[in-house]
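# Report on the structure
So you can see what is in the structure, the chains are spelled out below.
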Amino acid sequence: MSPGEVGLRTAGQGVVLRGVEKRFGDVVAVQPMDLEVRPGELMVLVGPSGCGKSTLLRLIAGLETPTSGEVWIGERRVDEVEPGARDVAMVFQSYALYPHMTVARNLGFGLRVRGTPRPELERRVAETAAALELGDLLERKPGQLSGGQRQRVALGRAMVRDPGVFLFDEPLSNLDAELRLRTRDEIAALHRRLGTTMVFVTHDQVEALSLGQRVAVMDRGRLQQVGTPDEIYRRPHNLFVAGFVGSPPINRMPLSRDGGGRLAGGPFALAGPPGPDRATLAVRPEDIAVAGPGEADGDASGGEADSSAVWGSGDGSGSIRAGDFRSTVLRVEMLGSEQLVHLDGPGDAAWVARASPALRVAPGDRVSVSVAWERSHLFGADGRREEGVPRPAGRQVS
Amino acid sequence: MADHGIAPRMARGLLLAGACLVMASPFLWMGLTSLMGQLEVFSGGSMLPRVPRWSNYPEALTAQPFARYFLNSLVFATAVAAGQVATSATAGYAFARIDFPGRNGLFMLFLSTMMVPAVVVLIPRFLVIDALDWIDTYQGLISTELVSVWGIFLMRQYFRTVPRELEDAARVDGAGHLRIFWSVGLPLAKPAVATLALFAFVDAWKNLLWPLLVTRSMEMRVVEVGIAAFHSTYEINWPYQMAAGVAAVLPIALLFLFTQRYFVRGIQLEGIR
């Protein structure tokens with residue numbers, strides 16, 4: 001598609017939320033929060049269902065009124081402004097196409113309501129339809145369209161109005177996997193061409209990281225972290241963000257302060273920060289390396305593993321130290337370009353390692369496992385990130 | 001519990017046939033009586049007319065100005081149906097979709113009026129119409145029939161099934177309540193509108209009591225009142241009355257043939273009438 005040829009304006013409007021809160025009776029859907037979406041930015045709101053992300057989007061759209069706080073779009077405060085007067089367009093999860101209207105009338109409805117002169121209305125509908133390759137479907141009703149086609153009509157209905165801000169409420173969740181990927185790319189391309197501000201809601205963290213220029217992670221009505229996908233993934237502000245983003249999920253190990261002042265748990269004893277008595281060590285599956293039994297020095301029953309381990313996504317800097325603990329392989333998932341090695345450990349935990357498909361391990365094998373400490377994370381008892389890299393203060397034998 | 005055997009199917013068929021006969025017998029009786037002579041009705045012999053007297057029909061329908069009655073019935077029933085659709089659709093939409101203070105309380109109040117038997121409000125209605133000097137006029141006949149709480153309930157329930165996202169989409173598109181009602185809600189509520197219009201029309205068509213009360217002249221009479229008029233203090237002309245009855249039922253029967261599915265839908269909602 002080539003939406004850039006539609007002749008739409010290419011400047012978006014910024015969206016600013018100041019102290020916005022939304023309550024439904026006693027239920028707090030959105031805790032007081034500040035959020036800024038920059039002009040022309042594609043911001044993704046992500047979180048588990050019920051976290052308030054859709055409510056936040058509806059607050060921006062004007063479909064809900066904030067209990068307190070201010071909503072600004074561009075230079076205008078809009079929290080008392082009707083949705084139709086906010087210069088926003090929205091694509092709904094169910095597409096919300098008017099079932100009794102043809103595709104052409106669906107596309108033109110917003111313009112008709114605004115009293116756009118007929119020749120201009122027809123021109124814009126035709127241009128949008130051409131850009132989205134809907135030209136042959138204009139006389140059909142939504143019931144006669146496939147899921148993907150409906151999705152495009154919904155997108156077209158938003159585009160045709162040339163809004164300052166596009167709002168997407170989980171628009172891909174009703175598509176099959178292949179179409180979802182394609183549409184995701186199309187939305188990204190649309191954003192590159194239009195340069196319009198877009199706010200995109202999803203519960204899918206992969207979608208969020210791949211689509212968003214910045215990502216806002218929400219949980220239980222609270223904004224947990226706002227940042228670039230890289231920041232969200234590599235420097236999660238808290239345990240929730242660390243656990244929510246990434247698949248398979250980040251590996252965790254609860255730690256508590258031992259007599260020697262170290263944070264200990266399972267096979268680990270860390271020279272942790274002075275503060276908390278309890279903490280959680282979190283390591284991404286690609287930041288632990290498994291050395292197969294054949295590659296380990298000595299058999300599974302004895303000695304330190306000092307291996308030429310096959311690193312996960314290790315950068316080869318030598319920062320992954322072999323033999324942090326030993327464990328038994330529970331299960332191996334071969335995914336083609338990589339494999340996931342499920343471990344019976346460390347301690348009572350069950351960690352997963354992402355490994356090269358070249359690694360030869362089988363269930364029941366005793367393996368040596370190393371942690372890339374400089375890429376691991378430590379979270380305090382309140383779940384907040386503890387700054388600094390956890391360092392092993394001495395190894396316990398598992 | 002499969003009942004695909006011959007015996008259960010036959011039993012069910014017989015039961016249904018019996019029920020059909022019970023339902024149809026008054027109509028059959030009406031049809032047969034309409035073809036009898038005046039004395040033959042009471043002869044107590046066969047239920048079948050000895051010689052069908054087709055002339056009963058033209059005679060009955062010209063004994064009184066039935067053409068005028070049919071026109072009056074048509075005006076009355078059409079106006080009532082149109083009026084009830086207009087009031088029920090707008091009120092139903094408001095109750096379903098517009099948040100206003102006291103909405104639920106007001107709706108319960110509306111519903112509670114369904115518990116008041118229609119006969120109880122007959123006299124107050126008559127007094128109002130009389131005070132307005134509308135006795136024996138179309139406006140007197142029609143005006144108090146224009147609102148149906150059942151219709152409001154029906155439309156409200158239907159509007160509640162219209163996905164809210166459609167309304168949200170229309171709001172973001174810039175539409176207000178009236179526009180959403182007209183362009184989105186009402187077109188989607190067509191089945192409910194058809195059901196309501198049909199039931200309102202049929203109810204008005206067969207209404208005897210109210211037209212009997214507020215009409216006096218022959219010019220304002222409706223068909224039902226005309227049929228009742230064959231039933232005077234000293235004489236009952238059964239064959240004529242039945243012939244006029246058959247003529248009055250025919251338009252409704254025809255309507256039913258073409259709109260059966262809306263009738264069925266209405267009957268599914270009938271539990272609350």
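Owing to the predicted nature of the structure, the values given are computational and were not obtained by experimental measurement.

## Structural notes on the sheet that holds strand S17 (residues 339–343) of chain A
Note on sheets: strands pair through backbone hydrogen bonds, and any given pair is parallel or antiparallel. Residue and element names in this part refer to chain A. One open sheet accounts for five strands, arranged S15-S19-S16-S17-S18; its pairing is antiparallel. Looking at the sheet topology across the chains shown, the edges are occupied by strand S15 (288–291) and strand S18 (352–355). Between one strand axis and the next, the sheet turns through 45 degrees on average, direction left out of account. In this sheet, strand S19 (residues 366–371) lies alongside strand S16 (residues 325–334) in antiparallel orientation, the contact comprising four bridges. Each residue of the ladder has a partner; that of arginine 326, found in S19, is serine 368.

## A word on the environment of leucine 212 of chain B
Residues and elements named next belong to chain B. As for its placement among the helices and strands, leucine 212 is situated in helix H11 (residues 209–214). Considered as a pair, leucine 212 and alanine 60 are 152 residues apart in the sequence and their alpha carbons are 20 Å apart. Here leucine 212 is in contact with Val225 and Ala228, once residues within four sequence places are set aside.

## Brief notes about the nonpolar core
Counting residues in each nonpolar core, the largest one holds 159 residues, and the members touching the most others are Leu45, Ile60, Leu167, Val199 and Val290 of chain A together with Met155 of chain B. Among the elements that take part in this core, helix H3 (residues 66–97) of chain B stands out by supplying 13 residues, more than any other. Inspection of this core shows a minimum of three residues originating in each of domain 1 (3–243) and domain 2 (252–380) of chain A. Leave out the neighbours within four places in its chain, and valine 199 of chain A touches Val15, Val37, Met43, Leu45, Leu57, Ile60, Val165 and Leu167 of chain A.

## A look at the domain arrangement of chain A
Residue and element names in this part refer to chain A. Under the domain assignment used here, chain A contains domain 1 (3–243) and domain 2 (252–380). At the junction of the two partners, domain 1 supplies four residues and domain 2 supplies four residues. Looking at side-chain class alone, the side of domain 1 that touches domain 2 contains three nonpolar, one polar and no charged residues.

## Regarding the interface of chain A and chain B
Every contact between the two is made by 17 residues of chain A and, on the other side, 14 residues of chain B. Of all elements in the fold, only strand S6 (88–91) and helix H2 (103–113) of chain A reach the threshold of two or more residues within the side of chain A that touches chain B. Split into classes, the residues belonging to the side of chain A that touches chain B amount to twelve nonpolar, four polar and one charged.

## A closer look at the pairing of S15 of chain A
All names here are of chain A. Taking every second residue as pointing to the same face, both faces of S15 are buried, with Ile288 and Val290 on one and Ala289 and Ala291 on the other. Sheet analysis places S15 next to S19, joined by four bridges and oriented antiparallel. Bridge pairing in S19 links valine 290 to valine 369.

Rules used throughout
- Residues numbered from 1 in each chain as written.
- Chains lettered and ligands numbered in written order.
- Predicted model: local features only at pLDDT ≥ 70, side-chain atom pairs only at ≥ 80, totals over all residues.
- Pairing = 2+ DSSP bridges.
- Helix = DSSP H or I, 4+ residues; strand = E, 2+ residues; numbered from the N terminus.
- Axes fitted to C-alpha atoms, helices over the stretch in contact; angles between N-to-C directions.
- Contact = placed C-beta atoms within 7 Å.
- Core = buried A, V, L, I, M, F, W, Y, C linked by C-beta atoms within 7 Å.
- Buried ≥ 20, exposed ≤ 12 C-beta atoms within 10 Å, placed from the backbone.
- Domains from an automatic or database assignment.
- Nonpolar A, V, L, I, M, F, W, Y, C, P; charged D, E, K, R; others polar.

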